[in-house]
Amino acid sequence: MSSIDIEIRTALTGVRDAVEAPSLDRVAVQARVRAERRRRTTGRVAVAIGGVAAAAVAAVGLSVVLEDAAPPTTDAAARPVADPRHLVGFVVEDRLVVGGPDGFDTTEVPARNVLGDLTDVIVLTDSTGALVGVPVDGGRAGAAERLLAGVVDQAWLDSSGVLRAQRADGALVRGTLRDGWETDVSPTGDLYLVDGRTRVESDEDGLSLLREQEVLRRIPSGRGVIGGSLASGSLAVETQRGVRFYDAGTGRRTAAVASTDGGVGRLSQDGSRYARVADGDLTLVDPRTGTVELVDGPGGYDGGIAWTSPDTFVVVARDPAGNSLWECGTERRTCRELFRDPGGTLKLHS
């Protein structure tokens, strides 16, 4: 290589290293994907036969066909390690597994995302877009029941136990297991988070925090939003540079915690704690002050976090031996392994 070639390569490398790549707004990308999915699903249903079965077939798409053709395999069987203190549901090989003080039950219920526990009923969505409830009694799962007819594009279980679901046509409904379903206020943008009368909507310009129809705060997409959580008056927004906390009742920013590689987290049901994985650490953050407490966990976190009680949450970890589920307590800030999946398919969310 000539000296001129070397000088040119050195100069180009310097330009590459000096230019910072733009932040990816993951929430905005996901919003566009959901909008395109709804558009395609609506078009398919319009030309197909009527009824729930036609809508379900339209929502399945190629991805489900591929999943069915190549089911995951494991080198060793997934197995329990210790019984959890509180009821938890998670996914192993695309099937629901429930666990509690009385042990674990590996079911044949298809599952994609576990929303949470609604008074001893695990609520989930599956790969066909069905919203399903599975009752759990004494550590044993009962028969799965479809909670809402038709295809669900998104679903949320808020801190007060109210379910919300956005149908494939964009319509939003809310309800409880006791009271049934009713039409909810339609979002003006793409609904991202919802808790009671408070919601977060996304559009091409960023996020909007709303109280009913009143916009309390705008969060521009230029901050590289990659995740968020909303519960009981607190809002957490993860960006490429850290997490920001807001008072969901006023829109006022209350605290911020910096990180170098972005993060993922989940607010407790009462909104007073935020369990977070960032920069390789598992921490508990106070959304009001930004105080950070380190949790002694397994490391190698895979991004899944869910609260199972006001004082316990579970995280998913990954290592060369597979995926594992760990239960962590807020008092001692320690974790213990609950379940191990050598095949690496264990997850809480897709």
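Each remark here, short or long, concerns the structure printed above.
Residues numbered from 1 in each chain as written. Predicted model: local features only at pLDDT ≥ 70, side-chain atom pairs only at ≥ 80, totals over all residues. Heavy atoms only, no water.

## Section: a negative patch on the surface
A contiguous patch of negative charge, built from Asp83, Asp102, Asp117, Asp120 and Asp137, is present on the exposed surface. Mapped onto the fold, Asp117 is located in strand β5 (residues 113-117). (Patch = residues over 30% accessible without salt bridge, like charges linked within 9 Å, V, L, I, M, F, W, Y side chains within 5 Å. Areas by Shrake-Rupley, 256 points an atom, 1.4 Å probe, with all protein chains shown as cover. Salt bridge = Lys/Arg side-chain N within 4 Å of Asp/Glu carboxyl O. Lys, Arg positive; Asp, Glu negative; His and termini not counted. Charge placed at Lys NZ, Arg CZ, Asp CG, Glu CD. Helix = DSSP H or I, 4+ residues; strand = E, 2+ residues; numbered from the N terminus.)

## Some thoughts on the environment of Asp205
Checked against the element boundaries, Asp205 lands in the loop between β15 (198-203) and β16 (206-211). Residue classification places Asp205 among the exposed positions, given a relative accessible area of 54%. A C-alpha to C-alpha distance of 5.9 Å links Asp205 and Pro220, two positions 15 residues apart in sequence. Sequence-distant contacts of Asp205, that is, excluding residues within four places in its chain, are made with Arg218, Ile219, Pro220 and Ser221. (Buried < 20%, exposed > 50% of the residue type's maximum accessible area, 1.4 Å probe, protein only. Contact = heavy atoms within 4.5 Å.)

## Remarks on the packing of aromatic side chains
If you walk through the whole model with that rule in mind, you get 5 aromatic pairs. Judged by centre distance (6.2 Å) and plane angle (75°), the ring pair of Phe90 and Phe104 falls under edge-to-face. Placement of the pair is Phe90 in strand β2 (residues 88-92) and Phe104 in strand β4 (residues 103-110), with a sequence separation of 14 residues. Owing to a relative accessible area of 0%, Phe90 belongs among the buried residues under this scheme. Its relative accessible area of 14% is what places Phe104 among the buried residues. Taking the centre distance of 5.1 Å and the plane angle of 65° together, the rings of Phe90 and Phe339 count as edge-to-face. (Phe/Tyr/Trp six-rings, centres within 6.5 Å; stacked < 30°, edge-to-face > 60°.)

## Digging into the pairing of strand β18 (residues 225-231)
Burial analysis of β18 places 6 of its 7 residues in the buried class, the great majority of the element. The pairing of β18 with strand β19 (residues 234-239) spans 6 bridges and is antiparallel. Pairing of Ala231 across the sheet is with Ser234, part of β19. Two successive antiparallel strands, β18 and β19, enclose a turn made up of 2 residues, where Ser232 displays a positive phi of approximately 45°. (Pairing = 2+ DSSP bridges.)

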